[in-house]
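# Per-entry structural report
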Protein chains: 2
Amino acid sequence: MPRSMRIATALAALAALTLPIAPARAAAPKTMAELLATATAGDWRTLDPAHTLYVDLDAGRVIIELAPHFAPRHVANIEALAREGYYDGLAISRVQDNFVVQWGDAGRPVKTAARTLPAEFSSAVTPAAVFTRLPDVDGYAPVVGFADGMPAARDAAGKTTWLTHCYGTVGVGRDNDADSGGGTELYVVIGHAPRQLDRNITAVGRVVRGIELLSSLPRGTGPLGFYEAPANGVVIRSVHVAADVPAAQRVVIEVLRTDTPLFAQLIELRRNRADDWYKVPAGYIDLCSVPLPTRIAARR
Amino acid sequence: MPRSMRIATALAALAALTLPIAPARAAAPKTMAELLATATAGDWRTLDPAHTLYVDLDAGRVIIELAPHFAPRHVANIEALAREGYYDGLAISRVQDNFVVQWGDAGRPVKTAARTLPAEFSSAVTPAAVFTRLPDVDGYAPVVGFADGMPAARDAAGKTTWLTHCYGTVGVGRDNDADSGGGTELYVVIGHAPRQLDRNITAVGRVVRGIELLSSLPRGTGPLGFYEAPANGVVIRSVHVAADVPAAQRVVIEVLRTDTPLFAQLIELRRNRADDWYKVPAGYIDLCSVPLPTRIAARR
């Protein structure tokens, strides 16, 4: 699997050195890298610093894009919690293999933010919302695709929409009461998409960079992956809204837009892999397998 | 999410203390734990030591169940490679986030085993094979379910079958040539199910214990998650076929059988979660979300 790809890369490099006899139309891209090389500036968007979180660990920075259109009250509350320093110094309390990393502290006092909010498990589709629909069937929802750059679903009538739980999805822990969450406990999916959580918990965004800092943490050995010795947990040094960080200390992340012809091409390229390694194209892609490329832009 | 479950457990414990006024039929199990408590000895099977691998790292033991009915020649060859010590002392060379952990060394000489074998991407369905079919649609295959305790798929006519790539699936790395693998490079899935690999590579089994020792490894920072400094990799101390290990040093693992009424109940319980935490049952479960419980049996 890996050697082949390295070989393919070498061959692609060699091919790039070949001089064409006559000017020819560029061959159709066969890989994601080839396709992304054809992207224009308009195929990318910059993360909105007002709704971007920097979660700083000793090992580095995890960057979360929040989804204010899907969970407006929770997103605003999480930003308020970050601004009042609620998360700073919290230990990561849970790392359950093939499921979630989680942090929070039910005992820590909340200052200006709310401790709990009414659930935002789904929301009304607004007429202007752009939804890039996947062409294939999904078992968990009538319609799935991408909205605001996030994996999402809709009901059959197109009236309600919700974020789906894929690798990297960020959500708000709650107790049995649907309205018992508010953002004081957050989790990040680090395993196979737990789609059964969709519409059962408020999802608020997704990790766009640095998830490997979370997914590689030692697994908790207590029930549900909780750390048995809380002091062993990795500490969250701070959580900041990117807009509050001096511009020189920001990382300007660009994310591939999901409402462009290029993104539709990317979906098709991944539904039917065309590179030399694959022998049987799948003819299908599930929502959580669609890549959402990001890149670091030059500082502005 | 977590606190709720702890509360649910506490409530279940309290409920167990309640004295019923009249003898009542046991309530239908609402959770997997409650269902497994009703399992009988016949609902479990013991791993066959002849087709079980112990992958020993400094941090502990990873246990792999091989699938000889799906990939007989590759399984036999991997057992031969283990017996000639091929894997002993190899460094893990690749940890790609949300994809695979991989080890192998194309340069290490093979003694009695084969370096390459004809691909076993799929195999003929044998009349006696028991297949527990999932009730719902799957995007990647006409029919999916479980055979020999492994997630698997079949074509519409029921003529061919193949192992599917779920979290924990073990497969054989290869180059672009379909027949270029043989077991000298092995990978384990540590992310969202890469089902596009199905029928493109020879899958040989799955990790039944200890995957967290692999999934929590630091991610490689080179292309495709390869470690840039190979010496930084974790070393595989040894790989043994369990049957070759003295009985006193074996771990006797029992795995829930997938061809029983109890397993069908488990699927249904996970398609529609019935515990107090869930508000909207999914009415669906994808193949790679079905749990395959294991337990350590008393030594025999």
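Our subject is the structure that appears above.
This write-up is about the structure you can find in this document. It should be emphasised that the depicted structure is a prediction, and the values quoted were computed from it without experimental measurement.

## A few points about the pairing of strand 11 (residues 169-172) of chain A
Residue and element names in this part refer to chain A.
- Residues Thr169 and Gly171 point to one face of strand 11 and Val170 and Val172 to the other, with burial holding for every one of them.
- The pairing of strand 11 with strand 12 (residues 185-189) spans three bridges and is classified as antiparallel. Looking at the pairing, Gly171 lines up with Tyr187 of strand 12.

## A closer look at the interface of chain A and chain B
- Opposite the 54 residues of chain A that make contact, chain B presents 54 residues.
- Inspection of the region where chain A meets chain B yields zero salt bridges.
- Inspection of the region where chain A meets chain B yields 19 residue pairs in polar contact (both at pLDDT 80 or more).
- For the side of chain A that touches chain B, the secondary-structure elements that each account for two or more residues are helix 1 (2-17), strand 5 (100-104), strand 12 and helix 4 (211-215) of chain A.
- With six residues, helix 1 of chain A is the single largest residue contributor to the side of chain A that touches chain B.
- For the side of chain A that touches chain B, the class distribution of residues is 28 nonpolar, 12 polar and 14 charged.

## Side note on the state of the cysteines
All names here are of chain A.
- Taken as a whole and judged by the stated rule, the model has two disulfides over all chains.
- A sulfur-sulfur distance of 2.0 Å marks the disulfide that ties Cys166 to Cys288. Judged by the torsion about the S-S bond (-70°), the Cys166/Cys288 disulfide is left-handed. Taken together, the residues span a long stretch of sequence, with Cys166 in the loop between strand 10 (160-163) and strand 11 and Cys288 in the loop between helix 5 (261-271) and strand 16 (294-296) at a distance of 122 residues.
- Judged by its relative accessible area of 10%, Cys288 is buried.

## Thoughts on the sheet that holds strand 1 (residues 44-46) of chain A
All names here are of chain A.
- Pairing within the open sheet is antiparallel, and its three strands lie in the order 1-15-16. Looking at strand neighbours, the two that pair on one side only are strand 1 and strand 16, the edges of this open sheet. Neighbour-to-neighbour, the strand axes of this sheet turn through a mean angle of 30°, independent of strand direction.
- By the bridge criterion, three bridges tie strand 15 (residues 253-256) to strand 16 in an arrangement that is antiparallel. Residue pairing in the sheet places Ile253 in a bridge with Ile296 of strand 16.

## Brief notes about the relation of the copies chain A and chain B
- Screw-axis analysis of chain A against chain B gives a translation of 0.0 Å along the axis, an RMSD of 0.0 Å, and a rotation angle of 180°. Taken together, these values place the two copies in the relation of a two-fold axis.

## With respect to the pattern of salt bridges
- Applying the stated rule across the entire model yields 24 salt bridges over all chains.
- A salt bridge links B:Lys30 to B:Asp276, with the nearest nitrogen and oxygen atoms 3.8 Å apart. Highlighted residues: B:Lys30 in the loop between helix 1 (2-17) and helix 2 (32-36) and B:Asp276 in the loop between helix 5 (261-271) and strand 16 (294-296), separated in sequence by 246 residues.
- A salt bridge links B:Arg61 to B:Asp56, with the shortest nitrogen-to-oxygen separation between them at 2.8 Å.
- For B:Asp56, a relative accessible area of 10% corresponds to the buried category.
- When salt bridges that share partners are traced, they join A:Asp136, A:Glu268 and A:Arg271 into one network.

## Some thoughts on helix 3 (residues 72-83) of chain A
Residues and elements named next belong to chain A.
- With 12 residues, helix 3 ought to run about 16 Å at 1.5 Å a step, and its terminal C-alpha atoms sit 17 Å apart, in line with that.
- Inspection of helix 3 places His74, Val75, Asn77, Ile78, Glu79, Leu81 and Ala82 among the buried residues, and these make up the whole buried set.
- Along its buried surface, helix 3 packs onto strand 2 (52-57), strand 3 (60-66), strand 11, strand 12, strand 13 (202-209) and strand 14 (236-241).
- Two residues or fewer after helix 3 comes Gly85, characterised by a positive phi angle close to 80°.

What counts, and where the lines are drawn
- Residues numbered from 1 in each chain as written.
- Chains lettered and ligands numbered in written order.
- Predicted model: local features only at pLDDT ≥ 70, side-chain atom pairs only at ≥ 80, totals over all residues.
- Heavy atoms only, no water.
- Buried < 20%, exposed > 50% of the residue type's maximum accessible area, 1.4 Å probe, protein only.
- Helix = DSSP H or I, 4+ residues; strand = E, 2+ residues; numbered from the N terminus.
- Pairing = 2+ DSSP bridges.
- Contact = heavy atoms within 4.5 Å.
- Salt bridge = Lys/Arg side-chain N within 4 Å of Asp/Glu carboxyl O.
- Polar contact = N/O pair within 3.5 Å; in protein donor to acceptor, adjacent residues only side chain to side chain.
- Nonpolar A, V, L, I, M, F, W, Y, C, P; charged D, E, K, R; others polar.
- Disulfide = S-S within 2.5 Å.
- Axes fitted to C-alpha atoms, helices over the stretch in contact; angles between N-to-C directions.
- Least-squares fit on C-alpha atoms with pLDDT ≥ 70 in both.
- Expected span 1.5 Å × (residues − 1).

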